[in-house]
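Fold and geometry: a report
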Amino acid sequence: MLFVLHQFLSVALLVQATLTEKRSGPIVSTSSGLVKGTLDTKTTPDAPLLKWLGIHFAQDTSGHNRWRPPQPVHPSPGVFDASEYGPACLQGRVDGGNGTSVQSEDCLRINIIAPAKATNLPVYLYSYGGGFDSGSSSDPKIDGSHLAARGIVFASYNYRLSLFGFPHAQEIADEGQTQNLGLLDTRAAVEWLHANVAKFGGDPNKITLGGESVGAEMTNLYLSAYRQKPLIHGAVMQSGDTAQPMWPINQQISKIASNFSCPLGKGMLDCLRTKSGPELRQVLLDTGAQFQPVTDNVTVWKDYVAQTKRGHTAKVPLLIGTNKDEGTLIVEGEPTAYLSTIDQYAYVPSSPPLKPNLSSPHSKSNNLNFPFTSLSALQSFYPVPSPAFPTAYNATAGMWRDAHMLCLAHNLATHRTTSLNLPVWRYRFDLVADNLNSRGSRIGAFHGEDIRFVMGTWRTIVLSPPFIPATPEEIAISDLMVTAWTNFIKDPQLGPRIPGWHKFNPEDSSTLAILGLSISGADAGDHFKADASCEYWNTVLPIYPQTFPACGNWTCGNE
């Protein structure tokens, strides 16, 4: 215990030293004006880094700019102090996580980390996860310093969330505009980076876009929305989710408007624009209203598998994968996951109609969000008890993993390869360890576990429950993954270039790279076996996303 405490204090002191011993860096002229960075010689002592943090890539999004596309910055006189991260965007959760203690609508900020003598280096633009209602680029676990130290320019940015990023308002639809303002923020960040990154030592023609969880989903949406002029030459998707259900248009934002006595029709947005961001956020939290990307056929479309087949995506190499146990944390708080069978979690008619009856869903749980399925098929693929699924908890977690993430990775990898002849590198992260989460090894290789290994921020493991530092093996695994990711970013056509990781081939079962078990390279997985359930899920997934019934979920009205 004393050893753990010592490790905790040592890391905390190192973080504090890094924050307090910054030295001034160069002043760079950008389209946002002059920005002054810092020189960091502490985080990666063998590779000094220059950092410019919190730079505006678009205007404040409050007031008149709220629910409008990001507006270009008007450079102001003087020099902007880019020594600290900017505020997080307003969060749709009470606790948005690390890096969100300071929130504002003046949040469209970008951060640049580059080796001290960078010139024409490849660039990685990272999108954080957080369910489209939380997260920030200032989260310490996604600090890209250790990637930049390997010879790339790392950039991260904020995008609008929840009510502020995806309003799903009738007035916007009537104007034929997109509801997906958070995705427009991503495009604005890419455009800003393309225009300015050369000043920071990056090559604007070698930008890779990627992220984890909804950061990966944002990447997938971007590939489709901006396929004609993507301004990127590679993409990374870690644990990307498939499109989620939507609420009826205007339904959720009307909850907010009603609390301010604003009209529920024309004039609603102008009325709400007169309110402050904190006022809106408080009502958002009080009402429990929910907002996320909208299939509006302007920037987001349905069925990304079909879109990929017909080439409705940017033609760039892709690194894509999932964790072995993506569903465990998701079903952790779901009561029906702890019953003796999966029936209540995924109850559907034994012989569902050829066309789902969207007005009368049968699921007893709102967790899976795929109610129009066959219970007998699910019982066949996820038998309880069995060696693979000893309990319903394991089976429901497996169902969620496959339907939401695994089959998306399988489908995108397969069709980008076979339909578009694009290079794809696919992986699965299998590391299970007691020190990575307060729940211990029982939740397996859980959703989000890979982040600190890819980013090289394993030093933060000791700062989270159960406060046990990274092992030598974990450090070596992280080093290997940092190498793989930065190799891909340097040349996506050549891929990760670590032993055992080969380009994905749908006909070769061994081209699923297993990461997290070896410190020297990737192990060969069997994607025929891993993806077996996708044959069934691909009969269901094309009908999604659907719109929730008026009551707001799949379970209302069920016995």
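Residues numbered from 1 in each chain as written. Predicted model: local features only at pLDDT ≥ 70, side-chain atom pairs only at ≥ 80, totals over all residues. Heavy atoms only, no water.

**Thoughts on empty space enclosed by the protein**
Over the atoms, a rolling probe the size of a water molecule traces out where space has been left empty. What counts here: The way it works is a 1 Å grid over only the protein atoms, where trapped points that fit a 1.4 Å probe form a cavity and open points with protein on both sides within 12 Å along at least five of seven lines form a pocket, and then any residue with an atom within 4 Å of a point lines it. Grid points are joined across faces, edges and corners, and a volume is the space filled by probe spheres set on the points. Each residue receives one of three labels: charged for Asp, Glu, Lys and Arg, nonpolar for Ala, Val, Leu, Ile, Met, Phe, Trp, Tyr, Cys and Pro, and polar for the others, Gly being one of them.
In the structure shown here, the tally under the stated rule is 6 cavities of 30 Å³ or more. Taken as a whole, the largest cavity holds about 90 Å³ of empty space. Lining the largest cavity are 13 residues, with Glu-217, Ala-243, Gln-244, Pro-293 and Val-300 positioned closest to its centre. Considering only residue class, the lining of the largest cavity consists of 9 nonpolar, 3 polar and 1 charged.

**So, helix H5 (residues 181-196)**
Because an α-helix packs 3.6 residues into every turn, residues spaced three or four apart end up facing the same way. Formally: For the purposes of this entry, the term helix denotes a DSSP run of H or I that reaches at least four residues, the term strand denotes a run of E that reaches at least two, and both are numbered from the N terminus. Helix span is expected to be 1.5 Å times the residue number reduced by one. Remark: exposure states derive from per-residue accessible area (1.4 Å probe, protein chains only) relative to the maximum for the residue type, with buried under 20%, exposed over 50%, and partly exposed in between.
Taking 1.5 Å of rise per residue, 16 residues should cover 22 Å, and H5 covers 22 Å from first to last C-alpha, within 8% of that figure. Of all 16 residues making up H5, 13 are buried, and the element is well covered by its neighbours.

**Observations regarding the packing of H5 against helix H6 (residues 214-225)**
Between two packed helices, the angle of one axis relative to the other and the distance separating the axes together describe the packing. What counts here: Helix axes are fitted only over the stretch in contact, all axes being lines through C-alpha atoms; the angle between N-to-C directions runs from 0 to 180 degrees. In these notes the angle categories are as follows: under 35 degrees is roughly parallel, over 145 is roughly antiparallel, 65 to 115 is roughly perpendicular, and the rest is oblique. In this analysis, two residues are considered to be in contact whenever any of their non-hydrogen atoms come within 4.5 Å of each other.
Following both chains from N to C, one finds H5 and H6 inclined at 75 degrees, their axes separated by 10 Å at the closest point. Classed by the angle they form, the pair H5 and H6 counts as roughly perpendicular. On H6, the residues that touch Gly-182, Leu-183, Thr-186, Arg-187 and Val-190 of H5 are Met-218, Leu-221, Tyr-222 and Ala-225.

**Side note on the layout of surface pockets**
As a volume, the second largest pocket reaches approximately 660 Å³. Lining the second largest pocket we find 28 residues, and of these Lys-324, Asp-325, Ala-388, Phe-389 and Arg-401 sit closest to its centre. Taken together, the elements giving at least two residues each to the lining of the second largest pocket come down to strand S10 (318-323), helix H13 (392-418) and helix H16 (527-530). The element best represented in the lining of the second largest pocket is H13, accounting for 7 residues. Tallied by class, the residues present in the lining of the second largest pocket amount to 11 nonpolar, 9 polar and 8 charged.

**Quick word on the state of the cysteines**
Going by this rule: Here, two cysteine sulfur atoms that lie within 2.5 Å of each other are counted as a disulfide.
Scanning the model with the defined rule gives 3 disulfides in all. The disulfide bridge from Cys-89 ends at Cys-107, spanning 2.0 Å between sulfur atoms. The sign of the 90 degrees torsion about the S-S bond sets the Cys-89-Cys-107 disulfide as right-handed. Taken together, the residues span a long stretch of sequence, with Cys-89 in the loop between strand S4 (79-81) and strand S5 (109-115) and Cys-107 in the loop between S4 and S5 at a distance of 18 residues. Summarising the burial analysis for this pair, Cys-89 and Cys-107 share the class buried. In this model, Cys-262 is linked to Cys-271 through a disulfide, with the two sulfur atoms separated by 2.0 Å. Disulfide Cys-262-Cys-271: torsion about the S-S bond near -70 degrees, hence left-handed.

**A closer look at the environment of Gly-165**
Note on placement: Gly-165 falls in helix H3 (residues 162-165). A relative accessible area of 0% means that Gly-165 is categorised as buried. Between the C-alpha atom of Gly-165 and that of Lys-315, which follows or precedes it by 150 residues, the distance is 27 Å.

**Comments concerning the side chain of Thr-61**
To keep things clear, this is the line we draw: Think of a polar contact as two N or O atoms within 3.5 Å of one another; within protein, one of them needs to be a possible hydrogen donor and the other a possible acceptor, and neighboring residues in sequence only count if both atoms come from side chains.
If you trace the backbone, Thr-61 turns up in the loop between strand S3 (49-56) and S4. Taking relative accessible area as the criterion, Thr-61 reaches 5% and is therefore assigned buried. Engagement of the side chain of Thr-61 in a polar contact is seen with the backbone oxygen of Glu-105, the distance being 2.8 Å. When neighbours within four sequence positions are excluded, Thr-61 is seen to be in contact with Arg-66, Glu-105, Leu-108 and Arg-160.

**What to know about the packing of helix H7 (residues 251-259) against helix H9 (residues 277-287)**
Defined as follows: Whether a crossing is left-handed or right-handed is set by the direction in which the near helix is turned from the far one by less than a right angle, anticlockwise for left-handed and clockwise for right-handed.
For the pair H7 and H9, the least separation of the axes is 10 Å and the interaxial angle reads 115 degrees. The handedness of the crossing between H7 and H9 is right-handed. On the side of H7, the interface is formed by Lys-255, Ile-256 and Asn-259, while H9 contributes Leu-280, Val-283, Leu-284 and Thr-287. Of the residues belonging to the contact of H7 with H9, the class tally is 4 nonpolar, 2 polar and 1 charged.

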